[in-house]
Amino acid sequence: MDKNILNRIFDEIRHAEKILILSHVNPDGDTLGSMCALKLFLKDKADALIQTSAGAGVPETYKFLPEITLSKNLDTVQDIYDLVIAVDVASIDRIVQKARQIFDNAKMTINIDHHKTNNGYAKLNYVIGEASSAGEVLYNIFKAQNVEITKEMADCLYVSILTDTGGFRYENTKPETLEIAANLIKLGVDNADITKKCYNKKAKNMVLFQAHIISKTKFLLNNTVAIASITENDFKKFNANNEYTEGIAETLRTIKTVEISAVLKESDNQTTKVSLRSDNVDVCEIVKKFNGGGHIHAAGCTIKKPLSIAYELLVCEIERCLKL
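Residues numbered from 1 in each chain as written. Predicted model: local features only at pLDDT ≥ 70, side-chain atom pairs only at ≥ 80, totals over all residues. Heavy atoms only, no water.

A word on the packing of helix 5 (residues 151–164) against helix 7 (residues 191–200)
Moving on, step 1. Between helix 5 and helix 7, the shortest axis-to-axis distance is 11 Å and the interhelical angle comes to 55°. Between helix 5 and helix 7, the crossing angle belongs to the class labelled oblique. Crossing angle aside, the handedness with which helix 5 passes helix 7 is right-handed. On helix 7, the residues touching Asp-155, Tyr-158, Val-159, Leu-162 and Thr-163 of helix 5 are Asn-191, Ile-194, Thr-195, Cys-198 and Tyr-199. (Axes fitted to C-alpha atoms, helices over the stretch in contact; angles between N-to-C directions. Helix = DSSP H or I, 4+ residues; strand = E, 2+ residues; numbered from the N terminus. Parallel < 35°, antiparallel > 145°, perpendicular 65-115°, else oblique. Left-handed = near helix turned anticlockwise from the far one by under 90°. Contact = heavy atoms within 4.5 Å.)

Dropping the structure here:
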């Protein structure tokens, strides 16, 4: 842990007049939990921005997080911040245009993350690639700086760690990860209740949407690769949003023969977003071709092509990497 960088980060926080905490686009539990924990610490000095439109709203699964319903969105945020802190944002292209303008205009920018592919795009970067989650990084920052972690902050950090470890099932769950989770439970976290909220309570349309997408999944290379494609019509049919796609790649990965699972989402007729999962293959090597990033067994990218073309390009790259 680099104490000098941490001291500089906290100096910037102390001197800043107005701070914006930034989640990544298509937010998940890690970025939202970290964002809310940091917001609770900074209180009224900071605003939190979820990179969605006002119409999309706060992701339903995570509405229970403290402070989250007070977050700004891309329609309500203004360019008034002298410090912007990005949490769990692996690369600059995970910040969309309006938020990117605010980020670029800020006097100081800070990047707190756990993705090994993070290239340090902010003026101050604190990236711990061995950590399970941004929530784990933030917990250790708070402890190093003697910040009191309240019950509400603990809830947020627990959500971050829980969701990015897949309920403590993924290989990024280290002994220290479980020790931190235990410490958060000692602070009052109801782990059973939070697990239920994150994993066991879904909207009816979300379940039907996921069943539809999984039913039309294509299996390639002797059933070792599963690719689910989601069109704009699929989203419209089920009144779905990006939150509804969470967990599809993980479900496909549970099939015995599947080495790589992929979910392709049609963002518009010229852009396709890709999520890859694997238990044994370094999927980061696959998304590098498309300037993507992430972790060894969980990575993503954006392909600036229509869905059908992006599908073919991705299949070619998967085949190439599997032959190496």
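Read on, since the account is not over.
Let's talk about the pairing of strand 2 (residues 46–49)
Every regular strand shows the same layout, with side chains that alternate between the two sheet faces.
Moving on, step 1. Along strand 2, one buried face is formed by Ala-46 and Ala-48 and the opposite face, lined by Asp-47 and Leu-49, is buried too.
Moving on, step 2. Note: strand 1 (residues 19–22) against strand 2, four bridges, orientation parallel. If you follow Leu-22 over to strand 2, its bridge partner there is Leu-49.
Moving on, step 3. Crossover connection from strand 1 via helix 2 (residues 29–42) to parallel strand 2: handedness right-handed. (Buried < 20%, exposed > 50% of the residue type's maximum accessible area, 1.4 Å probe, protein only. Pairing = 2+ DSSP bridges. Right-handed = clockwise from strand over helix to strand, strands pointing away.)

Observations concerning unusual backbone geometry
Moving on, step 1. The phi dihedral of Glu-67 is positive, around 75°, even though this residue is not glycine.
Moving on, step 2. Tracing the sequence through the fold places Glu-67 in the loop between strand 2 and strand 3 (83–87).
Moving on, step 3. Its relative accessible area of 31% is what places Glu-67 among the partly exposed residues.
Moving on, step 4. Even without being glycine, Phe-168 reaches a positive phi, approximately 65°.
Moving on, step 5. Note that Phe-168 resides in the loop between helix 5 and helix 6 (175–186).
Moving on, step 6. For Phe-168, a relative accessible area of 23% translates into the label partly exposed.

Brief notes about the sheet that holds strand 9 (residues 271–278)
Moving on, step 1. Spatially, six strands are ordered 6-7-8-9-11-10 in an open sheet, and the strand pairing comes out mixed. Two strands close off the open sheet at either side, each with one partner strand: strand 6 (218–220) and strand 10 (293–294).
Moving on, step 2. On top of the sheet, helix 12 (residues 307–323) reaches strand 6, strand 7 (225–230), strand 8 (260–268), strand 9 and strand 11 (298–303); it is set at about 155° to strand 8, its chief contact.

Side note on the packing of aromatic side chains
By convention here, two paired aromatic rings are described through the distance between centres and the angle between planes.
Moving on, step 1. The full count for this structure, using the stated rule, is seven aromatic pairs.
Moving on, step 2. With a centroid separation of 5.9 Å and 75° between ring planes, the pair formed by Phe-209 and Phe-238 is classed as edge-to-face. Of the two residues, Phe-209 is situated in helix 8 (residues 204–215) and Phe-238 in the loop between helix 9 (232–237) and helix 10 (248–253); the sequence distance between them amounts to 29 residues.
Moving on, step 3. Among the residues examined, Phe-209 registers a relative accessible area of 0% and is labelled buried.
Moving on, step 4. What makes Phe-238 buried here is its relative accessible area of 12%.
Moving on, step 5. Among the aromatic residues, ring-to-ring pairing joins Phe-209, Phe-235, Phe-238 and Tyr-244 into one connected group.
Moving on, step 6. Over the ring of Tyr-311 we find Lys-218; its NZ or CZ atom is 5.1 Å from the centre of that ring.
Moving on, step 7. Above the plane of the ring of Tyr-170 lies Arg-253, whose end atom (NZ or CZ) is 4.9 Å from the centre. (Phe/Tyr/Trp six-rings, centres within 6.5 Å; stacked < 30°, edge-to-face > 60°. Lys NZ or Arg CZ within 6 Å of the ring centre and 35° of its normal.)

As for the sheet that holds strand 3
Moving on, step 1. Within the open sheet, the five strands sit side by side as 2-1-3-4-5. Their pairing is parallel. The sheet is open, and its two edges are formed by strand 2 and strand 5 (124–127), each paired on a single side. Between one strand and the next, the sheet's axes are offset by a mean angle of 15°, whatever the strand orientation.
Moving on, step 2. For strand 3 and strand 4 (residues 108–113), the ladder comprises five bridges, and the chain directions are parallel. Following the sheet pairing, Val-87 is matched in strand 4 by Ile-112.
Moving on, step 3. In the packing of helix 2 onto the sheet, the strands contacted are strand 1, strand 2 and strand 3, and the crossing angle to strand 3 comes to about 140°.
Moving on, step 4. Along the sheet, helix 4 (residues 134–144) makes contact with strand 4 and strand 5, crossing strand 4 at roughly 115°.

Details of helix 1 (residues 3–15)
Moving on, step 1. In this model, helix 1 (13 residues) spans 18 Å end to end at C-alpha, consistent with the 18 Å of a helix rising 1.5 Å per residue.
Moving on, step 2. Buried within helix 1 we find Leu-6, Ile-9, Phe-10 and Ile-13. With its buried residues spanning 90° around the axis, helix 1 presents them on a single face. Exposed side chains of helix 1 directed beyond 90 degrees from the buried face belong to Asn-4 and His-15.
Moving on, step 3. Those residues of helix 1 that are buried are in contact with strand 1, helix 2, strand 3, strand 4, strand 5 and helix 4. (Expected span 1.5 Å × (residues − 1). Arc of directions from axis to C-beta.)

Everything listed here is a matter of geometry and, on its own, says nothing about what the molecule does.
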